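Observations on the model geometry
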Amino acid sequence: MKLRMVLAIALGLMFAGGALAEDKGLDNHAKRDPYYEKLKGKKVLFVPLAMGFDLTEGWAAIMRRQAKDLGYTFEIRDPNWSTDAGTRAITDAIAQKSDLLIVHNPDLQSYAKLEQRAVQAGIKVLQVNLETVNPTDTYIGADWVKVGLIEAQALVDHCGKESGKSGKVAILEGQPTAASNLYELYAYNHVFADHPEIQVVADQAATYDPAKARAITETVLQQHPDLCGIVGNWDNQDVGAGAAVQAAGKSGQVFIVTSGGGSKTGCDNISKGLLSEIVSYDVPLQGDALNQAIVELLLSPAKAGTVQTTYFTPLTLQTKDTISPRQCWTLDDLK
Amino acid sequence: MPSLNFRKLSITQESVVFALAAVLFVVFSLTLHNFLTPGNLIALVRSVSILGILGLGMGLVVIGRGIDLAMVATMVVAVSWVLSLATHQHVPLGWALLIGAAFSVLGGLVSGVLIAYAVVPAIFTTLAMGLVIYGVGRAWLFEVDVQNTPNDSAFFQFLSDAKLLGLPLPIVLFALLALALWALLRWTRFGRYIYASGDNPAAARNAGVPLRPLIVSQYVITALVAYAAGLVMAATSAGLSTRVYNSTMIYDVLLVVVLGGIGLSGGRGGVRNVLVGTLLIGVLLDGMTILNVPYVEQNLIKSVILLVAIVIDSFVNPRDEQTAQQEQGDI
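In this text, all values refer to a predicted model and were calculated from it rather than measured experimentally.

So, the overall build of chain A
Broken down by element type, chain A carries 12 helices and 12 strands. When the backbone C-alpha atoms are referred to their principal axes, chain A occupies close to 105 × 45 × 35 Å. Counting across all 335 residues of chain A, residues that qualify as buried make up 50%. Within chain A, contacts between residues separated by at least 24 positions form 75% of all contacts whose residues are at least 6 apart in sequence.

Let's talk about the pairing of strand β4 (residues 124-128) of chain A
All names here are of chain A. Most of β4 sits inside the fold, with 5 of its 5 residues counted as buried. Neither face of β4 is open: one carries Lys124, Leu126 and Val128, the other Val125 and Gln127, and all of them are buried. Bridge count for strand β3 (residues 100-103) against β4 is 4 bridges, and the pairing is parallel. Across the sheet, the residue bridging to Val103 is Gln127, located in β4. Between the parallel elements β3 and β4, the chain passes through helix α5 (residues 112-120) in a crossover that is right-handed. In terms of strand pairing, β4 meets strand β5 (residues 138-141) through 3 bridges, oriented parallel. Looking at β5, one finds that Val128 is bridged to Ile140.

Overview of the interface of chain B and chain A
The interface of chain B with chain A comprises 32 residues on the first partner and 33 residues on the second. Looking at the side of chain B that touches chain A, the elements with two or more residues in it are α3 (38-63), β1 (146-148), α7 (154-161), α11 (211-236), β4 (239-241), α13 (271-290) and α14 (295-316) of chain B. Counting residues per element, the side of chain B that touches chain A draws most heavily on α3 of chain B, which supplies 5 residues. Residue classes in the side of chain B that touches chain A are distributed as 9 nonpolar, 16 polar and 7 charged.

So, the environment of Ala118 of chain A
All names here are of chain A. In this structure, Ala118 sits in helix α5. Its 26 C-beta neighbours within 10 Å are what place Ala118 among the buried residues. Along the backbone, Ala118 and Ile90 are 28 residues apart, and their C-alpha atoms lie at a distance of 8.0 Å. Filtering out sequence-adjacent residues up to four positions away, Ala118 remains in contact with Ile90, Ala93, Ile94, Leu101, Ile123 and Val125.

Remarks on unusual backbone geometry
Residue Asp282 of chain A is not a glycine yet carries a positive backbone phi of 55°. Along the chain, Asp282 of chain A turns up in the loop between β10 (277-280) and α11 (283-299). Within the chain, Ala238 of chain B stands out as a residue other than glycine whose phi angle is a positive 60°. By secondary structure assignment, the location of Ala238 of chain B is in the loop between α11 and β4. Assessed through the 23 C-beta atoms surrounding it within 10 Å, Ala238 of chain B is described here as buried.

Observations concerning the domain arrangement of chain A
Residues and elements named next belong to chain A. Each assigned domain of chain A is listed here: domain 1 (32-141 + 283-314) and domain 2 (144-280). Centre-to-centre, using C-alpha coordinates, domain 1 lies 31 Å away from domain 2. Tallying the contact residues gives 11 residues for domain 1 and 11 residues for domain 2. In terms of residues, the side of domain 1 that touches domain 2 owes the most to one element, helix α3 (residues 54-70), which gives 3 residues. Residue classes in the side of domain 1 that touches domain 2 are distributed as 6 nonpolar, 2 polar and 3 charged.

Structural notes on the confidence of the model for chain B
Parts of the prediction with low pLDDT should not have their coordinates interpreted in detail. Looking at chain B, pLDDT values average 86 and 92% of them are 70 or higher. Per the prediction output, this complex has pTM 0.81; the corresponding ipTM is 0.75.

Conventions and cut-offs
Residues numbered from 1 in each chain as written. Chains lettered and ligands numbered in written order. Predicted model: local features only at pLDDT ≥ 70, side-chain atom pairs only at ≥ 80, totals over all residues. Helix = DSSP H or I, 4+ residues; strand = E, 2+ residues; numbered from the N terminus. Buried ≥ 20, exposed ≤ 12 C-beta atoms within 10 Å, placed from the backbone. Contact = placed C-beta atoms within 7 Å. Pairing = 2+ DSSP bridges. Right-handed = clockwise from strand over helix to strand, strands pointing away. Nonpolar A, V, L, I, M, F, W, Y, C, P; charged D, E, K, R; others polar. Domains from an automatic or database assignment. pLDDT = per-residue confidence, 0-100.

Put into structure tokens, the structure is as follows:
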């Protein structure tokens with residue numbers, strides 16, 4: 001009898017206590033459980049151009065952080081600028097049945113077929129910042145045509161009719177077959193076609209190499225001492241062009257506009273006077289967008305390749321007047 | 001009047017390449033606006049001075065019947081480490097430079113010892129050492145593969161902007177190094193030993209040449225030359241990218257050496273060959289940039305010229321039983 005009483009009271013207290021605790025909030029099991037449960041143990045694979053430079057290190061730091069937090073695996077296969085090694089990494093990912101493949105494409109073609117194969121094998125493919133001709137599940141990155149339009153317009157503003165300058169400009173391409181390069185080239189030509197006063201005196205590929213950018217610029221400056229502007233493919237490359245301009249004592253004369261991830265290195269190059277303007281595609285912001293897309297793709301019941309989305313990440317302009325420490329990220333900020 | 005003998009008149013690869021460079025030079029001078037100006041000629045030499053400096057180092061080992069494929073790796077890793085130490089770790093630049101030099105020497109020593117004492121063929125040893133050096137650098141020495149020169153560094157400013165007799169420092173350094181190497185090869189016992197050991201290692205050793213220390217010292221020298229080239233490279237473009245290691249640069253260096261006529265079988269050639277090879281590449285690159293030749297065509301033209309040089313080489317120095325009998329065989 002006594003035992004029963006004690007049990008009954010204990011039970012009553014337990015219910016009462018439970019009800020009290022529940023009254024203080026809601027557990028949101030309905031949303032939380034499937035979210036965390038489904039993400040746990042998923043396999044995400046990142047195939048960059050290479051690790052070790054601001055863009056890929058920045059994205060990876062942000063993606064790694066979320067993977068750790070949510071319990072899915074995030075692995076990097078670093079092909080170190082070799083398309084061949086990248087092809088092997090993607091083929092491997094297909095064989096190992098990864099859940100999501102994040103690819104940074106060296107050019108418009110190389111991985112295009114392979115990515116289609118991954119999609120057919122049920123692996124979702126997210127292309128980051130450099131795309132192929134074939135769309136896959138998601139593209140997140142810069143709208144290169146827009147980057148090119150902004151850059152070309154900046155040159156027109158500085159070297160066009162009203163500027164009273166020569167109108168002579170040089171184009172420093174990056175990797176000739178990369179998405180960024182081809183889309184930007186279209187934009188340059190499109191803008192310059194409306195401005196016959198702009199004269200393209202050189203159009204050369206520096207293949208992401210600052211030393212090559214420097215050599216080309218030095219020769220162009222010899223040919224055209226009245227050069228007014230340079231538009232380049234990537235800040236890490238065009239710093240070489242800036243060095244050549246500075247060495248020729250023409251820092252005030254030649255306006256150098258390029259694009260980049262907005263890292264502190266780029267900002268430093270602006271404050272050193274090596275570059276005039278960077279159209280930044282903002283790596284920290286891209287990293288956040290990537291993280292959101294990763295979760296959405298992993299959770300979405302849609303089959304690979306059935307829903308194709310694009311997110312062109314916002315662009316910011318960095319010049320001597322606009323750069324502030326808040327805008328210029330370092331790798332340590334992102335870790 | 002010096003007597004003209006047939007040997008002097010015979011066609012050597014060096015003279016063919018020199019003639020080719022001269023013809024190109026004349027054609028560009030006549031057809032291209034602003035080609036034949038002091039400014040452009042300085043830019044021309046300057047743009048290949050780093051290639052030339054590396055070529056001098058490579059020339060030295062090739063004459064000694066070796067090859068150093070790790071030069072570009074040594075260059076980018078040692079200098080990137082220096083830049084990383086100076087800008088991110090705030091090590092005083094003087095110390096950083098010393099550490100970089102020590103790193104280069106160590107790399108050269110390891111290659112040299114493996115080649116001289118373990119008798120591993122130079123081509124494989126240095127190919128692997130290049131990978132090791134690059135891997136060590138990327139794994140432990142610096143985080144990001146593009147390193148900028150430190151802000152307001154007087155040293156790098158000096159390397160990039162200083163002029164001597166109106167010539168930029170990279171050209172002056174290239175010239176000084178060429179002169180030093182020429183003197184070393186021509187006037188010192190060390191230089192004669194290198195020719196002797198390159199021509200016939202066994203005979204050189206029998207004659208009392210300290211073959212193994214000699215080989216080790218060559219790789220240490222090339223590593224230091226590579227280090228110097230890297231410092232100049234970083235200074236002139238205000239930064240250095242280790243991606244250069246993945247480019248075709250090491251082949252361009254070899255191209256300069258082989259194009260100039262230093263036989264890969266060793267014991268032949270000298271500084272003049274490197275200069276001639278560098279000159280041709282310089283004239284070619286400069287002219288093509290002025291002509292605004294697209295990237296793909298530039299590579300095509302460069303490779304066709306290399307092919308022509310090789311064909312000429314095989315006519316002038318035919319492969320035969322004697323060259324095939326060498327330890328490393330025909331390359």
